[in-house]
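The chain contents come next:
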Amino acid sequence: MSEKWELKWMAWELTEKCNLSCVHCRSASEIDSSEGLFTLDKAKAFLDEIAEFASPVIVLSGGEPLMRKDVFDIAEYGTEKGFRMCMATNGVLVDDDVCEKIKSSGIRIVALSLDGSTREIHDDFRGQVGAFDGVMRAAEYFRKHDIKFIINSSFTKRNQEDIPNVKDLAKKIGATAWYMFQIVPTGRGEEIMKELIDKEDYEKILNWHYDMEREEEDILVRPTCAPQYYRIWHERSRKEGKDSTRRNLSFSTGGGKGCIAAQKICLVTAMGDVYPCSYFPLAAGNVFKESFKEIWEKSKLFNDIRSFKDYEGKCGSCRYLGVCGGCRARAYAVSDSYMAEEPFCDYVPENYKEPVDKK
């Protein structure tokens, strides 16, 4: 396997159980969902298997990972194996005891989800009264225990006007970084297809991010699941005669590349299924039926996604294919083809010709 496709980052869903019912949830988790197939022994064996061929950043997620009693045993074992262990939580269950275990298990950084700058906006998005207070309380605990945390924020039409306010709040509460996610309609998120931000607004938001990122000095910022941002970055940097090297690039798994699903990242679910990313609805294989290394290196799905020359529509003709690639999960959600063009990109390549409708 070429170093080009080296696994750098892996989200690992340790449980399907969750104490919230967020409108955009990929796994549509509920509090009485399955714990999954990874017992503690199987989880340790899986970490042993990963260590044989890769050394990715591993993000323990769910569902809500803190609903697993042995989550810190898994984190500690991963730390002992030399992995950079991280965690993604909604923050509701965070307290002093949890913080002490986060530190003792070697977890390096925690991701909190914040989708609104007020209780009303965030709680509506998360489907739970008190969710906003939970995030604010968790951030306070993390500051108290000197635990680094980042803020992940997801947006649809219902909260897109609040984007700048959320960024400002993330900075105010002491986050190390703020990641702006554009919703990918999968899992429970399929039900909010009509709420997806229009591609024209999407373009405006990404241009706002470009301007904001040029000025922001106090917090690392990065748009996520928005690969066309890298096209905007290169276009505007070149036009303005500015250095196109991003200040925040070192914090980015992609290293300046847009969609890196199946190229540098993947998701492993609580049932052992391996997906190109956290929002892609098709599995490439299952770690309880075949080796993870085989799936990563040889699965048809992963290698299809890595074959840029076979991308279709505008993506296939675009000069920015190498730095963008379009969101493969979003393409599949809208057109049933993961090789199709990115449906929420407003850019039309100069050499692109619209297909003729023979009907």
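As the structure is a prediction and not an experimental result, all values here were calculated from the model.

Visitor: Give a detailed account of helix 3 (residues 96-104), specifying residues and quantitative values.
Guide: The complete set of buried residues in helix 3 reads Val-98, Cys-99 and Ile-102. Considered in projection along helix 3, the buried side chains sweep an arc of 100 degrees and stay on one side of the axis. Looking at the packing, one finds that the buried side of helix 3 touches helix 2 (71-80), strand 4 (109-113) and helix 5 (131-144). Between the side-chain oxygen of the N-cap and the backbone nitrogen of Asp-97 there are 3.2 Å, and the N-cap of helix 3 in question is Asp-95. Gly-106 sits one or two positions beyond helix 3 and adopts a positive phi of about 90 degrees.

Visitor: An account of the confidence of the model for the protein is needed here, citing residue identities and associated values.
Guide: For the protein, per-residue confidence averages 89 on the pLDDT scale, and 87% of positions sit at 70 or higher. The low-confidence segment residues 246-255, where pLDDT is below 50, has 32 contacts with residues more than four positions distant or belonging to other chains.

Visitor: Tell me about the environment of Ser-337, and name the residues and values.
Guide: Relative to the helices and strands, Ser-337 is located in the segment after helix 12 (328-335). Residues Ser-337 and Glu-312, spaced 25 residues apart in sequence, show a C-alpha to C-alpha distance of 9.3 Å.

Visitor: Now, about empty space enclosed by the protein: what can you tell me, with residues and values included?
Guide: This structure, assessed with the given rule, holds 2 cavities of 30 Å³ or more. Put simply, the largest cavity is a space of about 130 Å³. Taken together, 15 residues form the lining of the largest cavity, with Lys-314, Cys-315, Cys-318, Cys-324 and Cys-345 sitting closest to its centre. Within this model, the second largest cavity holds a volume of roughly 70 Å³.

Visitor: An account of the pairing of strand 7 (residues 220-224) is needed here, citing residue identities and associated values.
Guide: Strand 7 sits mainly inside the fold: 5 of its 5 residues count as buried. Side chains Leu-220, Arg-222 and Thr-224 project from strand 7 onto one buried face, and the interleaved Val-221 and Pro-223 project onto a second face that is buried too. In this structure, strand 6 (residues 177-182) lies alongside strand 7, joined through 5 bridges in parallel fashion. Residue pairing in the sheet places Met-180 in a bridge with Pro-223 of strand 7.

Visitor: Tell me what's going on with the pairing of strand 2 (residues 57-61), and back it up with residues and numbers.
Guide: Most of strand 2 sits inside the fold, with 4 of its 5 residues counted as buried. Of the pairings in the sheet, the one linking strand 1 (residues 9-13) to strand 2 comprises 5 bridges and is parallel in character. What sits directly across from Ala-11, in strand 2, is Val-59. Strand direction decides the pairing type here: strand 2 and strand 3 (residues 84-89), joined by 4 bridges, are parallel. Counterpart to Ile-58 in the pairing with strand 3 is Met-85. Between the parallel elements strand 2 and strand 3, the chain passes through helix 2 in a crossover that is right-handed.

Visitor: Mind laying out the sheet that holds strand 5 (residues 149-155), listing which residues take part and the relevant values?
Guide: Spatially, the 10 strands line up as an open sheet ordered 7-6-5-4-3-2-1-8-9-10, and their pairing is mixed. Either end of the sheet is taken by a strand with one partner, and the two such strands are strand 7 and strand 10 (285-286). Relative to strand 10, strand 9 (residues 273-275) runs antiparallel, the two sharing 2 bridges. What sits directly across from Val-274, in strand 10, is Gly-285.

Visitor: Describe the packing of helix 7 (residues 199-215) against helix 8 (residues 229-240), with residues and values.
Guide: Where helix 7 meets helix 8, the axes come as close as 10 Å, and the angle between the chain directions of the two elements is 55 degrees. With respect to helix 8, the element helix 7 is oriented oblique. Crossing of helix 7 over helix 8 shows right-handed handedness. From helix 7, Glu-203, Leu-206, Asn-207, His-209, Tyr-210, Asp-211, Glu-213 and Arg-214 reach across to helix 8, where they touch Tyr-229, Arg-231, Ile-232, Trp-233, Arg-236, Ser-237 and Glu-240. Its residues assigned to classes, the contact of helix 7 with helix 8 shows 5 nonpolar, 3 polar and 7 charged.

Definitions and cut-offs
- Numbering of residues starts from 1 in each chain and follows the order in which that chain's sequence is written.
- Since the coordinates come from a predicted model, pLDDT governs what is reported: local features require at least 70, and pairs of side-chain atoms require 80 or more to be given and counted, while whole-chain, interface and lining totals use all residues.
- Just so you know, side-chain values use all the structure's heavy atoms and leave hydrogens and water out.
- Think of it in three bands: with a 1.4 Å probe and only protein chains considered, a residue is buried below 20% of the maximum accessible area for its type, exposed above 50%, and partly exposed in between.
- Under the DSSP-based scheme used, a helix requires at least four consecutive residues in state H or I and a strand at least two consecutive residues in state E, with every element numbered from the N terminus.
- Arc definition: directions from the helix axis to the C-beta atoms.
- Only heavy atoms matter for contacts: two residues are in contact if any of them lie within 4.5 Å across the pair.
- Polar contacts, as counted here, are pairs of nitrogen or oxygen atoms within 3.5 Å of one another; within protein the pair requires one atom able to donate a hydrogen and one able to accept it, and residues that are adjacent in sequence qualify only if both atoms are side-chain atoms.
- Scored from 0 to 100, pLDDT records how confident the predictor is in each individual residue.
- A pocket, in this scheme, is an open set of points on a 1 Å grid over the protein atoms alone with protein on both sides within 12 Å along at least 5 of 7 lines, while a cavity is a set where a 1.4 Å probe fits but cannot get out; residues line either one if an atom lies within 4 Å of a point.
- Grid points are joined across faces, edges and corners, and a volume is the space filled by probe spheres set on the points.
- One bridge is not enough; two strands pair if DSSP finds at least two bridges between them.
- Classification remark: right-handed applies to a crossover when, strands pointing away from the viewer, the course from the first strand over the helix to the second runs clockwise.
- Note on geometry: axes are C-alpha line fits, over the in-contact stretch for helices, and angles between N-to-C directions span 0 to 180 degrees.
- Here is the rule for angles: anything less than 35 degrees is roughly parallel, anything more than 145 is roughly antiparallel, 65 through 115 is roughly perpendicular, and the remaining ranges are oblique.
- Crossings are sorted by hand: turned counterclockwise from the far helix by less than a right angle, the near helix makes the crossing left-handed, and turned clockwise it makes it right-handed.
- Residues are grouped as follows: Ala, Val, Leu, Ile, Met, Phe, Trp, Tyr, Cys and Pro are nonpolar; Asp, Glu, Lys and Arg are charged; all remaining types, including Gly, are polar.

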